[in-house]
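# An overview of the molecular structure
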2 protein chains.
Amino acid sequence: MPGLTVVGSVAFDSVRTPFGERERMLGGSATHFSLAASFFTPVNLVGVVGDDFDPDYDELLQQRGIDTRGLERIAGGKTFFWRGHYDYDLNTAHTDTTELNVFANFDPQLGETAREAPVVFLANIQPQLQRRVRAQCTGARLAALDSMNLWIETERDELLRAIAEVDVVFMNDAELRMLTRQPNLLLAARDLIARGPRAVVAKLGEYGASLYTSEGFFSLPAYPLETVVDPTGAGDSFAGGFLGYLAGSGADASDEGELRRAMTYGSVLASFNVERFGCERVLELTREEIDERFEEFRRMTAIEALPAGEGSHA
Amino acid sequence: MPGLTVVGSVAFDSVRTPFGERERMLGGSATHFSLAASFFTPVNLVGVVGDDFDPDYDELLQQRGIDTRGLERIAGGKTFFWRGHYDYDLNTAHTDTTELNVFANFDPQLGETAREAPVVFLANIQPQLQRRVRAQCTGARLAALDSMNLWIETERDELLRAIAEVDVVFMNDAELRMLTRQPNLLLAARDLIARGPRAVVAKLGEYGASLYTSEGFFSLPAYPLETVVDPTGAGDSFAGGFLGYLAGSGADASDEGELRRAMTYGSVLASFNVERFGCERVLELTREEIDERFEEFRRMTAIEALPAGEGSHA
């Protein structure tokens, strides 16, 4: 049975960008990830919210094929809240407020379906929790994680242990350099691959994303958009498209062609996600739009061979 | 008759990077450009040097099919000298010394062959000079230019006039944003295309390069290298591979497939250039190595279509 488990944050986000602002939107890494992945495979969402979390949101997620039985609700608790803004350099999020609330004591409990999913994504949470969840997912043939500078600074050794236990690592380029203390991204990726993972995905913001494996290298530009309205959740949407595709296709992380298609679906979902605030765009997205943009990516990056008989001068 | 004219600096460079240092190497934008282009087409180099410029260098260039009759030698003058260094962030050149010397009064004089070449590259010199040279190149079916932050700050209007008179603009992303006052690269490129050029090439350093035309978008990652020894001249080598290929193939800037192949040859030449100091690597390069790496770029960026019968979940 196909399927995918994600463990991460479910949050309310208040975001201001040069193109507008929104108060208390549905957000969080597990939310963005689940919505993106839901186009390809059933998703088990494992997270925690307070009783300020409107049951309509539960329903919204379930309508997209997302199983929310693993979304724990803490009575009297408040949901994780983040307030941030972006200036014209949309690559940098400026945090104004972080209220962890119930997320501070998050102790993920996985039901049987979640534990047996063939693919698991450990979104950006403490490396200790990532390892505990990974150990519970006995059915997973493919595990992946994301992380952030906070854990690199405070929990580097534990994060490296978590990385050794997964197949795919998603990180942005600055984090990869910081974690490995290696300025060259190719060498940074090789450093991580030597510790266990089959693939490292470097998220490059407006420059797209690169895939490093022991056999090869692949890179995709970001989809060229006139307006990036809100970059929040782009990385999680990328991971959702990537792993959702692999969960749906049944491929593992050793099939280079499948990994490249996964990179492309990741880029597609990230590009839609940033077109509007929060999850607004992805909630209206169709599979047809996704496949059209997938084909656009293929056309956008194709290099035809030389015309026959092309000669050299020197 | 095919051929290409380049007008720009010929210099001595002293460079220090984390991987070593060199004193007074042969350098300059026109030098790096000419050597890269020489694999595809005869090149007319137009520049100026002092009488400290060893005739052996002339011979070196001529052996590569570069016509140096346009390389003026000022008796009693000294050749342009640049001293700079790079830290581990190899995207940023730190200038320690710039001695313009004879380049300060550079007034390019083009002979008949240079004026009639079908392709002309106006390397990074004053926009006024770029325009004067462009006007002299009555035989050029394809003209291109590069520029830099200095001219954007001091000669913006004249630079925009120069841009209106060429077909292809090469600039790095920060310069494109600064020139157009537009943070979004797609809109920055469209702004320039609306002024006349058919194509804008955004040089993205370690992230590669993107091509914007009125019809489309194309992007290539940089070739993944374990060690970038010296990035000096990478942009000019890129332009040399790009325009050299188009000069050799006879294509103009309206053929999207040819432009993509030109982008690929540009990326190939830039990637070889940074493997060693100055021109060391390109001087030893063969056309076979170039074509092998061209094919590697094709494989590196290929996305296969979906396997037949791939279905959607939602």
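Look above for the structure.
Notes on the structure follow. (Residues numbered from 1 in each chain as written. Chains lettered and ligands numbered in written order. Predicted model: local features only at pLDDT ≥ 70, side-chain atom pairs only at ≥ 80, totals over all residues.)

### Here we look at the overall build of chain A
Helix and strand counts for chain A come out as 12 helices and 14 strands. Computed over the C-alpha atoms, the radius of gyration of chain A is 19 Å, within 12% of the 20 Å expected from 2.2 N^0.38 for a compact globule of 314 residues. Viewed in the frame of its principal axes, chain A has a C-alpha envelope of about 75 × 40 × 40 Å. The proportion of buried residues among the 314 residues of chain A is 53%. Put simply, of all contacts in chain A between residues at least 6 apart along the chain, 66% involve residues at least 24 apart. (Helix = DSSP H or I, 4+ residues; strand = E, 2+ residues; numbered from the N terminus. Rg over C-alpha atoms; globule rule 2.2 N^0.38 Å. Buried ≥ 20, exposed ≤ 12 C-beta atoms within 10 Å, placed from the backbone. Contact = placed C-beta atoms within 7 Å.)

### So, the pairing of strand 11 (residues 168-172) of chain B
Residues and elements named next belong to chain B. Most of strand 11 sits inside the fold, with 5 of its 5 residues counted as buried. Taking every second residue as pointing to the same face, both faces of strand 11 are buried, with Val168, Phe170 and Asn172 on one and Val169 and Met171 on the other. Alignment of strand 10 (residues 142-146) against strand 11, held across 3 bridges, turns out to be parallel. Bridging from a neighbouring strand, Asp146 pairs with Phe170 of strand 11. (Pairing = 2+ DSSP bridges.)

### Digging into the relation of the copies chain B and chain A
By a simple turn and slide, chain B fits onto chain A: the slide is 0.0 Å along the axis, the RMSD is 0.0 Å, and the turn is 180°. Here the two chains are linked by the operation of a two-fold rotation axis. The share of interface residues of chain B whose copies in chain A are also at the interface is 100%, consistent with both copies meeting through the same surface. (Least-squares fit on C-alpha atoms with pLDDT ≥ 70 in both.)

### Some remarks on the pairing of strand 11 (residues 168-172) of chain A
Sheet analysis places strand 11 of chain A next to strand 12 (residues 199-203) of chain A, joined by 5 bridges and oriented parallel. From the neighbouring strand, Val168 of chain A faces strand 12 of chain A, where its bridge partner is Ala199 of chain A.

### Focus: helix 12 (residues 287-301) of chain B
An α-helix turns once every 3.6 residues. As a result, residues three or four positions apart point the same way. Residues and elements named next belong to chain B. With 15 residues, helix 12 should reach 21 Å at 1.5 Å per residue; the first-to-last C-alpha distance of 21 Å fits that figure. Every buried residue belonging to helix 12 is among Ile290, Arg293, Phe297 and Thr301, and all of these are buried. Considered in projection along helix 12, the buried side chains sweep an arc of 70° and stay on one side of the axis. Of the exposed residues in helix 12, the ones pointing more than 90 degrees away from its buried face are Glu288, Glu292 and Arg299. (Expected span 1.5 Å × (residues − 1). Arc of directions from axis to C-beta.)

### Brief notes about the environment of Tyr88 of chain A
Residue position: Tyr88 of chain A is located in the loop between strand 7 (80-85) and strand 8 (94-99). A sequence separation of 140 residues divides Tyr88 of chain A from Val228 of chain A, and the C-alpha atoms of the two residues are 9.8 Å apart. Setting aside residues up to four positions removed in sequence, Tyr88 of chain A forms contacts with Pro18 of chain A together with Pro183 of chain B.

### Observations regarding the interface of chain B and chain A
Taken together, the contacts link 40 residues of chain B with 40 residues of chain A. Contributions of two or more residues to the side of chain B that touches chain A are made by helix 8 (185-193), strand 14 (217-220), helix 9 (234-249), helix 10 (256-273) and helix 12 of chain B. Per-element accounting of the side of chain B that touches chain A gives the leading share, 5 residues, to helix 12 of chain B. Residues that form the side of chain B that touches chain A fall into these classes: 18 nonpolar, 13 polar and 9 charged. (Nonpolar A, V, L, I, M, F, W, Y, C, P; charged D, E, K, R; others polar.)

### A short note on helix 7 (residues 173-180) of chain A
All names here are of chain A. Every buried residue belonging to helix 7 is among Glu175, Leu176, Arg177, Leu179 and Thr180, and all of these are buried. Looking at the packing, one finds that the buried side of helix 7 touches helix 5 (149-154), helix 6 (156-164), strand 11, helix 8 (185-193) and strand 12. Positive phi appears at Arg181, one or two residues downstream of helix 7, with a value of about 55°.

### Looking at the environment of Leu283 of chain B
Relative to the assigned elements, Leu283 of chain B resides in helix 11 (residues 280-283). Considered as a pair, Leu283 of chain B and Thr41 of chain B are 242 residues apart in the sequence and their alpha carbons are 16 Å apart.

### Digging into the sheet that holds strand 3 (residues 20-27) of chain B
Residues and elements named next belong to chain B. A sheet is described by the order of its strands in space; here 4 strands give the open sequence 3-2-7-8, paired in mixed fashion. Each edge of the open sheet is held by one strand with a lone partner, namely strand 3 and strand 8 (94-99). Sheet twist, expressed as the average angle between the axes of neighbouring strands with direction ignored, equals 15°. Relative to strand 8, strand 7 (residues 80-85) is paired through 5 bridges, and the arrangement is antiparallel. The residue bridging Trp82 from the neighbouring strand is Thr98, located in strand 8. (Axes fitted to C-alpha atoms, helices over the stretch in contact; angles between N-to-C directions.)

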